[in-house]
Amino acid sequence: MIKYFMPILEIKLVPDPILRKRAAPLEMVTEEIKSILNDMAETMYDAPGIGLAANQVGILKRLIVMDCSKEEEDPNLIKMINPEIVYSSEEKEELEEGCLSIPDHKSIVIRPSKVTVKFLTVDCKTETLEAEGLLAACVQHEIDHLNGVLFVDHISRLKRDIILRKVKKQIRENDK
Ligand code: ZN
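Residues numbered from 1 in each chain as written. Predicted model: local features only at pLDDT ≥ 70, side-chain atom pairs only at ≥ 80, totals over all residues. Heavy atoms only, no water.

**Here we look at the layout of surface pockets**
Next up, step 1: Here the largest pocket defines a volume of roughly 410 Å³.
Next up, step 2: Residue assignment for the lining of the largest pocket shows that the elements contributing at least two residues are β4 (92-99), β5 (102-112) and α2 (133-146).
Next up, step 3: It is α2 that contributes the most residues to the lining of the largest pocket, 6 residues altogether.
Next up, step 4: Of the residues assigned to the lining of the largest pocket, the class counts are 10 nonpolar, 7 polar and 5 charged.
Next up, step 5: Estimated volume of the second largest pocket: approximately 180 Å³.
Next up, step 6: Tallied by class, the residues present in the lining of the second largest pocket amount to 3 nonpolar, 2 polar and 3 charged. (1 Å grid on protein atoms, 1.4 Å probe; cavity = no way out; pocket = protein on both sides within 12 Å on 5 of 7 lines; lining within 4 Å. Points joined across faces, edges and corners; volume = space filled by probe spheres on them. Helix = DSSP H or I, 4+ residues; strand = E, 2+ residues; numbered from the N terminus. Nonpolar A, V, L, I, M, F, W, Y, C, P; charged D, E, K, R; others polar.)

**Looking at the pairing of strand β7 (residues 126-132)**
Next up, step 1: As paired elements, strand β6 (residues 114-120) and β7 share 7 bridges and run antiparallel to each other. Bridge pairing in β7 links Leu120 to Thr126. (Pairing = 2+ DSSP bridges.)

**Re unusual backbone geometry**
Next up, step 1: Of the consecutive residues Val14 and Pro15, the connecting peptide bond is found in the cis state with omega at 5 degrees.
Next up, step 2: Mapped onto the elements of the fold, Pro15 is located in the segment before α1 (31-46).
Next up, step 3: Here Ala47 and Pro48 are connected by a cis peptide whose omega angle stands at -10 degrees.
Next up, step 4: If you trace the backbone, Pro48 turns up in the loop between α1 and β1 (51-53).
Next up, step 5: Even without a glycine there, the phi angle at Asp104 is positive, about 70 degrees.
Next up, step 6: If you trace the backbone, Asp104 turns up in strand β5.
Next up, step 7: Since its relative accessible area comes to 68%, Asp104 is described here as exposed.
Next up, step 8: Notably, Cys124 is not glycine yet its phi reads approximately 65 degrees, a positive angle.
Next up, step 9: You can see Cys124 is positioned in the loop between β6 and β7.
Next up, step 10: Judged by its relative accessible area of 45%, Cys124 is partly exposed. (Buried < 20%, exposed > 50% of the residue type's maximum accessible area, 1.4 Å probe, protein only.)

The following block contains the structure:
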């Protein structure tokens, strides 16, 4: 019997320098890329989280996975290759965000309330997604990761420093 199992990838935490790097666009959608996306999805569901960018698992490629469906809804896994925001609304929205790379800390972030994202699917087709609400915030958060930007960069320096200091301390204590 063949036993399939999808590996759970290690999620990089701040201050890992890979979280501050810009991920490179992909020229081809290979089997390897599809398999990375599957592993990323598995890792996101296991965490659990609603989005994950490749930087967060140590891969500098422009890949993200998301599932912003509510508990009572069917899962809605979205995989994006080379996602790019082609429209952002003037109107802004405040939403509380967290991040698997900054465990246990949340903060209100203000972002455009609607965005349109162009991306490649695993079948190498160009698609666009019009997002609002939680999905809009999530896709902007994940695309930020591909540019080395974290949600704490959108809040005050004071709050950011407090959160990052606390996380560093937590990680140090967990390592003991
Ligand atoms: Zn994040």
